[in-house]
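Each chain is listed here by its residues.
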Amino acid sequence: MVSANREMAVYCFDTLVAHYNSEQAPPPAFDEGQHPLFVTWKKVVNGGEPRLRGCIGTLEAHCIINGFRDYALTSALRDRRFPPIQAKELPYLQCTVSILTNYETARDYLDWEVGTHGMIIEFTDPDYNTRRSATYLPEVAAHEGWTKIEAIDSLIRKAGYNGTINESLRKRIRLTRYESTLFTMHFSEYVAYVKAARGAAPAINGTKVH
C-alpha cells in the first residue's frame, strides 16, 4: 500500500511555486499509483493555530502524480470557500497530503470512530427530493472536538441541507467510512528540502523565498 510521504508534499509545493513562476514543476520523486487523495493547505500566522486555506481532492482512485499536481492547484486557487492563495502567503503555508484507504459501508451513521475514520454521507434531501453528499477527512472531527452526532450534523450542513436535522434524517444517511495516511510539511521544511536536494532555495519570479 502506498502511504502519503514527504515527496508528495514537496511536489505539491513545487507545483504551486511553479504556477506563480509560470513554469513546469520538477518531476516528482515518488512512484505512480492509483489512489483517492486530498490536498489541504493551511496558513500559520505568528505561531497561531493553522487556519484552513483550501482542501480539495477526489474520493475516486486517481493517478497520484496528476492527482497531486491538479489538486495542489485546485485546493490552493479554486476552493470556493476561500480567496485564491497568493504568492506572498507561501512562507506561512503548510501542506497536508492524504491518501485514502479501506473504504467500508457502515451499518449506520454512528458506525465509525472519531480520529480513525473519515466518512462520506449520502442522503436524499426531504425538502427538494435531491441527492446530497459530503465528506470529512479522518482528522477533522477529532481536530474540531466533535462527538459523532456533531460531526454528522456538520456534514449534513456541508452537503448543503438547510432544513431541520433530526434522528429521522440521520437514520436515512448512507455512510461510507475510510481511513487515510497523511503527511504534513510547512513551507520552511520545503525550503530546507529544496536547498539540500537542489542546492538553492526556491524562488518566485527570481526572488528567493524563505
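Along each chain, numbering runs from 1 in the same order as the chain's sequence is written. Where local features are concerned, this predicted model is filtered to residues with pLDDT of at least 70; where side-chain atom pairs are given and counted, the filter is 80 or more; whole-chain, interface and lining totals use all residues. In computing side-chain values, all of the structure's heavy atoms are included and hydrogens and water are not.

Looking at an unreviewed UniProt entry, one finds the protein named AMMECR1 domain-containing protein and attributed to Olea europaea subsp. europaea.

Chemist: Honestly, the sheet that holds strand β6 (residues 174-186) in this entry has me stumped. Any pointers?
Modeler: Hydrogen bonding along the main chain pairs the strands of a sheet, whether they run parallel or antiparallel. Only strands joined by at least two bridges in the DSSP assignment are considered to pair. In this description a helix means any DSSP run of H or I spanning at least four residues, a strand means any run of E spanning at least two, and both kinds are numbered starting from the N terminus. The strand order across the open sheet built from six strands is β2-β1-β3-β6-β4-β5, with neighbouring strands paired in antiparallel fashion. Edge positions in the sheet fall to β2 (51-63) and β5 (130-136), since each of these pairs with one other strand and no more. The average angle at which neighbouring strand axes cross in this sheet is 25°, direction not considered. Two elements, strand β1 (residues 34-43) and strand β3 (residues 93-105), share seven bridges in a ladder whose sense is antiparallel. Note that in β3 the partner of lysine 43 across the bridge is leucine 93. Across the sheet, helix α4 (residues 148-158) touches β4 (118-125), β5 and β6, and the angle it forms with β5 is around 125°. Any two residues whose heavy atoms approach within 4.5 Å at even a single point are treated as in contact. Between N-to-C directions, angles cover 0 to 180 degrees, with each direction set by a line fitted to C-alpha atoms, over the stretch in contact for helices. Each of β3 and β6 is contacted by helix α6 (residues 187-198), which is oriented at about 55° to β6, the strand it contacts most.

Chemist: Teacher, can you tell me more about the pairing of β4 here?
Modeler: Two faces, one strand: in a regular strand the side chains alternate between the faces of the sheet. Most of β4 is tucked away, with six of its eight residues classed as buried. Across five bridges, the pairing between β4 and β6 is antiparallel. For glycine 118, the partnering residue across the bridge sits in β6 and is tyrosine 178. What sits between the antiparallel neighbours β4 and β5 is a turn of four residues, in which asparagine 129 has the positive phi angle 55°. With a 1.4 Å probe rolled over the protein chains alone, any residue whose accessible area is under 20% of its type maximum counts as buried; one over 50% counts as exposed, and the rest are partly exposed.

Chemist: Looking at this structure, how should I read the UniProt feature "domain: AMMECR1" (unreviewed entry) in the protein?
Modeler: The feature "domain: AMMECR1" (unreviewed entry), as given by UniProt, occupies residues 1-194 in the numbering adopted here. Taken end to end, residues 1-194 has its terminal C-alpha atoms 27 Å apart, with 31% of it in helix and 33% in strand. UniProt positions are given in the numbering used here, feature names are shortened, and annotations may be inferred rather than shown by experiment.

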